[in-house]
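Here is how the chains run, residue by residue.
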Amino acid sequence: MVCFSGQGIFNSLHVFLVSIILLLNVSVGLCGCYKRIFSFGDSIIDTGNFANGKGSLMEFPFGMTYFHRPTGRISDGRVLVDFYAQALQLPLLPPNLPEKDTGMFPNGANFAVFGSTAMPPDYFRRWNHKVPMPCHLGMQMGWFKDLMHRIAPRDDAKRQILGESLIILGEIGGNDYNFWFNDGSKPREVAAQFIPDIMATIGSSIKELIAMGAKVIVIPNNFPIGCVPAYLSQHKSNNHADYDEHGCLRWFNDFSQRHNQELRGMVNRLSVQNPGVKLIYADYYGAAMEFIKYPHRFGIGDPLTTCCGGDQQPYHTDKLCNKRARIWGNPSGFASWDGMHMTEKAYQVISHGVLNGPFANPPLLRTC
């Protein structure tokens, strides 16, 4: 028979109470807050859907920093969703397409694809405009629903899975504008007409996810595209007034902020309508502007210069990033990887602002 003295009971109780206090104060990321992540979007978080094991994205120098091999990510290393998964103590998110019809994806799946738009290709025909990529948000939602039906045929099972999952919805919509702006024959002001329809499409997807049982959805906004080297090179101006104090193109950043203002308003309205759901507006624009304004604070040299590209000054965007491209230095000293996509360092800065604040409300690591 095991007996406890009064002092022994007190000591045991003390240890128990201290353990509880420690558990309550432990980092959320260590608590298994979410069992899985499902993500949607474009090349910013594509973890291999577009490349799917082939093509130039599966060649050096892609993946040179973290993985030391190409993985299909359009960066030198990790992308945003990788940092979210690691902070939440989850495995890195696998792309959906390689195992689209068979995978069980116990820790979630990534549906994001390089070049994806929010709107379907048919949408742009009214402006006599053709987008080069067929993938769009509705198609990704279709893949997601197919997966959910396969792994959880009953509605209650779907609700349970989604109730313990984190949803990352975007960034999406940026390519709708990119493809328009990069067509030199199109008046850029027309792109503003896309905004209400893109908002409606994103809002519809949010409502569908909520109806299926999602409880936490992160909705990121658009980046400051006026600071993207490819934009700076293609839309170069001789008018100094077209640039802000950081060397970014004012008009394009103003356009991004217009999109973001509409997105934030839509997220706020849906939050009021769905009080039992956490809709987290992630301010990628604000987080990215941190290393545009204060690059040396993060060990970045010129944030408007491409790491992997050509020789043309000052942006290095005259050649594509591939195995024949010039690497201008350690990617950790750059914000732009290939002129359109960011380095792992830039994604790390942005993800930190979303995970810990102040560029998400609430910060993602406090959502439990």
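- As annotated in an unreviewed UniProt entry, the protein chain carries the name GDSL esterase/lipase and comes from Urochloa decumbens.

**Some words on the packing of aromatic side chains**
Item 1. Summed over all chains, the structure comprises 22 aromatic pairs.
Item 2. Centre to centre, the rings of phenylalanine 40 and phenylalanine 144 are 5.4 Å apart; their planes meet at 80 degrees, and the pair counts as edge-to-face. Here phenylalanine 144 lies in helix H3 (residues 137-151) and phenylalanine 40 lies in strand S1 (residues 36-40), a separation of 104 residues in the sequence. Considered together, phenylalanine 40 and phenylalanine 144 belong to a single accessibility category, that of buried residues.
Item 3. An aromatic cluster of at least three residues, connected via ring pairs, comprises Tyr177, Phe181, Tyr231, Trp251, Phe252 and Phe255.
Item 4. The residue whose ring lies beneath arginine 188 is tryptophan 251, and the NZ or CZ to ring-centre distance is 4.4 Å.
Item 5. The aromatic ring of tyrosine 294 is capped on one face by arginine 297, whose charged end is 4.1 Å from the ring centroid.

**Focus: the pattern of salt bridges**
Item 1. On inspection of all chains with the given rule, the structure shows ten salt bridges.
Item 2. Linking arginine 73 and aspartate 82 is a salt bridge whose minimum nitrogen-to-oxygen distance equals 2.7 Å.
Item 3. The buried category is assigned to arginine 73, whose relative accessible area is 6%.
Item 4. Looking at aspartate 82, the relative accessible area reads 0%, which means it is buried.
Item 5. Residue arginine 326 pairs with aspartate 311 through a salt bridge whose shortest N-O separation is 3.3 Å. Of the two residues, arginine 326 sits in strand S7 (residues 326-327) while aspartate 311 sits in the loop between strand S6 (308-309) and S7, which places them 15 residues apart along the sequence.

**What to know about the sheet that holds strand S4 (residues 216-220)**
The strands making up a sheet are joined through hydrogen bonds of the backbone, oriented either antiparallel or parallel.
Item 1. In spatial order, the strands read S2-S1-S3-S4-S5-S8; together these six strands make up an open sheet with mixed pairing. Two strands bound the open sheet, and with one partner strand each, they are strand S2 (108-110) and strand S8 (360-361).
Item 2. Judged from the five bridges that link them, S1 and strand S3 (residues 165-169) form a sheet pairing that is parallel. Residue pairing in the sheet places arginine 36 in a bridge with serine 165 of S3.
Item 3. Each of S4 and strand S5 (278-282) touches helix H8 (residues 250-273); the most contacted strand, S5, lies at about 165 degrees to it.

About the criteria used
Residues numbered from 1 in each chain as written. Predicted model: local features only at pLDDT ≥ 70, side-chain atom pairs only at ≥ 80, totals over all residues. Heavy atoms only, no water. Phe/Tyr/Trp six-rings, centres within 6.5 Å; stacked < 30°, edge-to-face > 60°. Helix = DSSP H or I, 4+ residues; strand = E, 2+ residues; numbered from the N terminus. Buried < 20%, exposed > 50% of the residue type's maximum accessible area, 1.4 Å probe, protein only. Lys NZ or Arg CZ within 6 Å of the ring centre and 35° of its normal. Salt bridge = Lys/Arg side-chain N within 4 Å of Asp/Glu carboxyl O. Pairing = 2+ DSSP bridges. Contact = heavy atoms within 4.5 Å. Axes fitted to C-alpha atoms, helices over the stretch in contact; angles between N-to-C directions.

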